[in-house]
Amino acid sequence: MSDKLADMRFIRFLLYEVNKIEELLQYPYHEDHSRETFDMAIDAAYDLAREVFWPAFQEMDREGAVFDGSHVAAPKAMHEIWRQCKEGGWFAPNVCYDFGGQQFPLSILAVTSFLFSAGNSSAAMYVNGAWGAAHLIESFGNEDLKARYLQPLYGGEWGGTMALTEPDAGTSLGDITTTAVKAPDGDHYLIRGTKRFISSGDHDLAENIIHPVLVRLEGAPPGVKGISLVVVPKRRVNADGTLGEFNNVVTAGIEHKMGLRGQATATLMFGEQGECHGWLIGEPNKGLSYMFQLMNHARVFTGIQAVAGASAAYHCAVQYARERLQGREITNKDPLSPQIPIISHADVRRMLLQQKAFIEGALGMILFCAKVADRMQNTTDEEEKKTCNLLLETLTPCCKAHVSDEAFKSITAALQCFGGAGFCEEFPVAQLLRDNKVFSIYEGANGIQAMDLLGRKVPMEAGAAVRALMTEIGKNIAEASALEALKPLADKVQEVQNAVIDVTMHLGAIGMSGEVNLYICNATAYLAMFSQLVMGWQHLVQATAAQQALDAGADDADFYKAKLETARFYINTTMPHTLATAQVLKAVERTALDYPPDWF
Amino acid sequence: MKIVVLVKRVPDTASVFKVASDGRSVELDGLKFVMSPYDEHAVEEAIRLKEKMGAEVIVLSAGPPECKEVIRSALAMGADAGAHLLLPGDTGYASRGVAEALAVAAKTLEPDLILAGKQAVDDDAAQVPERVAELLDLPHASIVTRLECTATAVTVDCEVEGGQFTAELPLPALVTAQKGLNTPRYPTLPNIMKAKKKEIRELTLDKLGLSGDRLAAGMTVTAMALPRQQRLGKILDGDTAQRVKELVRALREDEKVL
Ligand SMILES: Cc1cc2nc3c(=O)[nH]c(=O)nc-3n(C[C@H](O)[C@H](O)[C@H](O)COP(=O)(O)OP(=O)(O)OC[C@H]3O[C@@H](n4cnc5c(N)ncnc54)[C@H](O)[C@@H]3O)c2cc1C
């Protein structure tokens, strides 16, 4: 196994040279920080990822989570990972001091999540689950809920989940049937229903698990407008914070999955075998909008997981390609000459470049979003906050869907570098591929993300979200164009940007005319085109920073030169395809829309 | 009780190394630097002693300004304070010169116990701590895999070729850490934040009344080369019994390691 999971030099380049996150130090929330604390945090996370998460990666897959009919045991190695994360404060890097966090920026949290996920995504999800549950309660819960739940969740004492999906309500959350009835006595609700596919849903890593659950209150309006959010602990929590009795959250089973097997993906029955108490988070019938706030984080986190897996696979592939001897230079006809490492073959380097370019573009997109989220969280300027929000709204489906779609392809290329050995479970790439598949499915399947982008984000505030992004992209294209060496690349990205705007206007007219089905039927192609523009833009921004560093006589010139070439590779090989997709979209290809179900 | 830990900033051995254009040193550009891994064991042991019996742990490092990063990571593990002896240049010091400087610096910190890694993973010289001890006239023990400490003495298991021995040293003393001694802890986020506020004392050769002349004295590097890469892997044929037999034979006769 490779002992390299990520390129830390590149991550530092993104954080400090491209995104200039030291700008965040101006905000009071981060005033105790410095580049030094950031570096120490990401270095510590990388050490943990390599030395604690990664060695358990294959083992957790082979052992899996185990259900004995009533309880779930997490894989053995997960206990040590949990302990390390708890001791290290990794359940709450960004959280405020009052709740036990260290007030790191989200940009750093994104990197540490990336590193842990590169080491072992199943494991990272247990930790992230607790963070997510706490984040919801912190954002929308009342003081009592905060007092009871936040410290133990952020401190790694308890686990957490988010429980939306039901057997008959996956994509269509408006159809959930789990109910909450106000208890005749007390401030709680009585919960009944079944949730399915709940990540970290049950395990023995912590003495309690906190489930934020989507429910319907009695008399709630049908559909998404009648969904509320309640917090349901596995064991009730007394007013003084001590644990009370079992809350009748019963595990019916866990899934046997193609990947992420170290994860306990549970079916949970609430209140089927006795009273199950839940407490309302925020106001009635606002549950879905609360959950969406967390889901935006969760979607970006899914993209992070996806590119993290691609990063681990890429570094395995590089190592293998340097070591595996096979074949000779095409021009070498001497059969007795020694065979050469496969990395000497251009086609193998093409596969490695494809991965590297994807990873660098995707990380660029994700860390751009993280910095925007940091600004949004900290700025007092309402205009800026609004712009940040618009940028995040548009980019979130790209971070989730495009990154997970392409990560899978990237790992396919990594596996291909291994030849037959890649198909065998001895090397970790096969598992990395299996693990990665679900990222295009959960947190809203990618088809749904595409509809979210085209159906909701593009028309949002009369196109303001897309405009905000295009303005940002335009600025950077102009900056790159001013550097002679980058002008050809900038022109290509510019051409694609023009095409994207053109297609968007064209589709907009169809949408305005009321032909909603026609408008949306090529959403997936639209998301691909749109995201490739974003990736091309990110490469261009990185290339600009690299060129500037070279012009300033930077020390490690090879790093910057490699960055420039990677950007060139992405832009030259992808942008023409993007233009082709734009053509398809403009032609409003409608076969799938009209094709009768009976004909299949 | 006061424990001083000697730590060295070294290139991460996972880096890709190149010989610099002078042919006599390592190209430093693009290298990532870390605390020498054996020193991490020394820091860990000091923190454990602190937790067990109460002690002040001071981490001392000599070298360029960037040594502070290594000191900070020891502080993030839980050490109390740091001391940085600024040396001119980046590399090219000789063990003797550095030991002379460190001995004077360590003495100003008045340690009851000095801990260090058994060797630094850059030059692997394994000389500096022992030289420091001799210069300070302290009893010392090297390559230690177990350590127990009282207010007046330290008992250690030392690795020696083919076995180990146990020794008791009266304090003050110096001990060098081997891998098996403990498992170094990871820096925690709360400790990273605390580390920022901990003091790092600035020491200079001037302030200690030393001159830089002796740092490199007594050693001349004439050439530097990367180790030859050889693929000596060998795959054994036959069933398991045959292969084991062949393996044992090869280890005995060809490699002469058994
Ligand atoms: C490993 C794993 C972990 C999970 N963890 C959690 C968790 O922690 N919490 C949680 O609540 N859920 C979790 N889920 C559930 C996950 O979010 C759902 O599987 C996902 O939302 C899709 O729902 P579904 O499986 O019911 O598929 P369906 O909704 O049945 O969708 C099937 C296919 O049809 C398409 N489709 C569905 N409706 C439409 C439509 N209206 N228009 C166009 N296309 C449509 C979808 O895109 C998809 O391709 C997890 C799932 C897995 C596999």
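All values derive from a computational prediction rather than experimental measurement. (Residues numbered from 1 in each chain as written. Chains lettered and ligands numbered in written order. Predicted model: local features only at pLDDT ≥ 70, side-chain atom pairs only at ≥ 80, totals over all residues. Heavy atoms only, no water.)

Some remarks on the overall build of chain B
Here comes step 1: Across its full length, chain B carries six helices and eleven strands.
Here comes step 2: In terms of overall dimensions, chain B has a C-alpha envelope of 65 × 50 × 40 Å along the principal axes.
Here comes step 3: Counting the 258 residues in chain B, one finds 45% classified as buried.
Here comes step 4: The long-range share in chain B, meaning contacts at least 24 apart out of those at least 6 apart in sequence, stands at 70%.
Here comes step 5: Within the structure as shown, chain B displays about 13600 Å² of accessible surface, and the carbon and sulfur contribution to it stands at 51%.
Here comes step 6: Distance between charge centroids for chain B: 3 Å, based on 33 positive and 38 negative side chains. (Helix = DSSP H or I, 4+ residues; strand = E, 2+ residues; numbered from the N terminus. Buried < 20%, exposed > 50% of the residue type's maximum accessible area, 1.4 Å probe, protein only. Contact = heavy atoms within 4.5 Å. Areas by Shrake-Rupley, 256 points an atom, 1.4 Å probe, with all protein chains shown as cover. Lys, Arg positive; Asp, Glu negative; His and termini not counted. Charge placed at Lys NZ, Arg CZ, Asp CG, Glu CD.)

A few points about the interface of chain B and chain A
Here comes step 1: Contacts between chain B and chain A engage 18 residues on the former and 28 residues on the latter.
Here comes step 2: At the boundary of chain B with chain A, total buried surface from both sides reaches about 1900 Å², with 63% on carbon and sulfur atoms.
Here comes step 3: On the chain B side of the interface with chain A, the three residues burying the most area are Tyr186, Leu189 and Met193 of chain B, jointly 38% of the side's total.
Here comes step 4: There are two salt bridges connecting chain B and chain A.
Here comes step 5: The salt bridge involving Arg72 of chain B is made with Glu36 of chain A; its shortest N-O contact spans 3.3 Å.
Here comes step 6: Counting the contacts that link chain B with chain A gives five residue pairs in polar contact (both at pLDDT 80 or more).
Here comes step 7: Sorting the residues of the side of chain B that touches chain A by element identifies helix H2 (67-77) and helix H5 (189-197) of chain B as the ones contributing at least two each.
Here comes step 8: Among the elements that take part in the side of chain B that touches chain A, H5 of chain B stands out by supplying seven residues, more than any other.
Here comes step 9: Looking at the side of chain B that touches chain A, its residues break down into eight nonpolar, three polar and seven charged. (Buried area = accessible area lost by both parts, 1.4 Å probe. Salt bridge = Lys/Arg side-chain N within 4 Å of Asp/Glu carboxyl O. Polar contact = N/O pair within 3.5 Å; in protein donor to acceptor, adjacent residues only side chain to side chain. Nonpolar A, V, L, I, M, F, W, Y, C, P; charged D, E, K, R; others polar.)

Looking at the domain arrangement of chain B
Here comes step 1: What the domain assignment lists for chain B is domain 1 (2-215) and domain 2 (227-258).
Here comes step 2: Placing a centre on the C-alpha atoms of domain 1 of chain B and another on those of domain 2 of chain B gives a separation of 39 Å. (Domains from an automatic or database assignment.)

Examining the domain arrangement of chain A
Residues and elements named next belong to chain A.
Here comes step 1: By the assigned domains, chain A splits into domain 1 (8-154), domain 2 (159-285) and domain 3 (445-600).
Here comes step 2: In this structure, domain 1 and domain 3 have C-alpha centres spaced 31 Å apart.
Here comes step 3: Contacts between domain 1 and domain 3 engage six residues on the former and nine residues on the latter.
Here comes step 4: Buried area between domain 1 and domain 3, summed over both chains or domains, comes out near 640 Å², and the portion from carbon and sulfur atoms is 68%.
Here comes step 5: Considering only the side of domain 1, the residues that lose the most area to domain 3 are Arg9, Phe13 and Val18, jointly responsible for 65% of the buried surface there.
Here comes step 6: Connecting domain 1 to domain 3 are three residue pairs in polar contact (both at pLDDT 80 or more).

Some points on the packing of aromatic side chains
Residues and elements named next belong to chain A.
Here comes step 1: Across all of its chains, the model carries 19 aromatic pairs over all chains by this definition.
Here comes step 2: Ring geometry for Phe140 and Tyr290: centres 4.3 Å apart, planes at 25 degrees, overall stacked. Here Tyr290 lies in helix H8 (residues 287-323) and Phe140 lies in helix H6 (residues 121-140), a separation of 150 residues in the sequence.
Here comes step 3: Through a chain of ring-to-ring contacts, the aromatic side chains of Phe10, Phe13, Phe559 and Tyr560 assemble into a single cluster.
Here comes step 4: Above the ring of Phe559, the side-chain terminus of Arg9 is found at 4.2 Å from the ring centroid.
Here comes step 5: A cation over an aromatic ring shows up here: Arg35 above the ring of Tyr16, its NZ or CZ 3.8 Å from the ring centre. (Phe/Tyr/Trp six-rings, centres within 6.5 Å; stacked < 30°, edge-to-face > 60°. Lys NZ or Arg CZ within 6 Å of the ring centre and 35° of its normal.)

Quick look at the site of the ligand
All names here are of chain A.
Here comes step 1: Residues in contact with the ligand amount to 18 residues; listed here are only the nearest, Met162, Thr165, Thr171, Phe197 and Ser199.
Here comes step 2: The separation between a nitrogen atom of the ligand and a polar side-chain atom of Thr165 is 2.7 Å.
Here comes step 3: Alone, the ligand offers 960 Å² of accessible surface; in the complex the protein occludes 61% of this.
Here comes step 4: Contributing elements (two or more residues each) for the shell around the ligand: strand E5 (189-198) and helix H12 (446-457). (Near = heavy atom within 4 Å.)

Looking at the sheet that holds strand E8 (residues 153-160) of chain B
All names here are of chain B.
Here comes step 1: With mixed pairing, the nine strands of this open sheet are ordered in space as E9-E8-E7-E10-E6-E1-E4-E5-E11. Looking at strand neighbours, the two that pair on one side only are strand E9 (163-170) and strand E11 (200-204), the edges of this open sheet. Strand-to-strand, the axes of this sheet are offset by a mean angle of 35 degrees, without reference to chain direction.
Here comes step 2: Pairing analysis gives three bridges linking strand E7 (residues 140-149) to strand E10 (residues 173-177), with the strands arranged parallel. In the sheet register, Ala141 faces E10, and the bridge partner there is Val175.
Here comes step 3: Helix H1 (residues 37-53) rests against strand E1 (2-6), strand E4 (56-63), strand E6 (113-117), E7 and E10 of the sheet, and its axis sits at about 145 degrees to E6.
Here comes step 4: Across the face of the sheet, helix H4 (residues 128-136) comes into contact with E1, E6, E7 and E10 while running at roughly 175 degrees to E10. (Pairing = 2+ DSSP bridges. Axes fitted to C-alpha atoms, helices over the stretch in contact; angles between N-to-C directions.)

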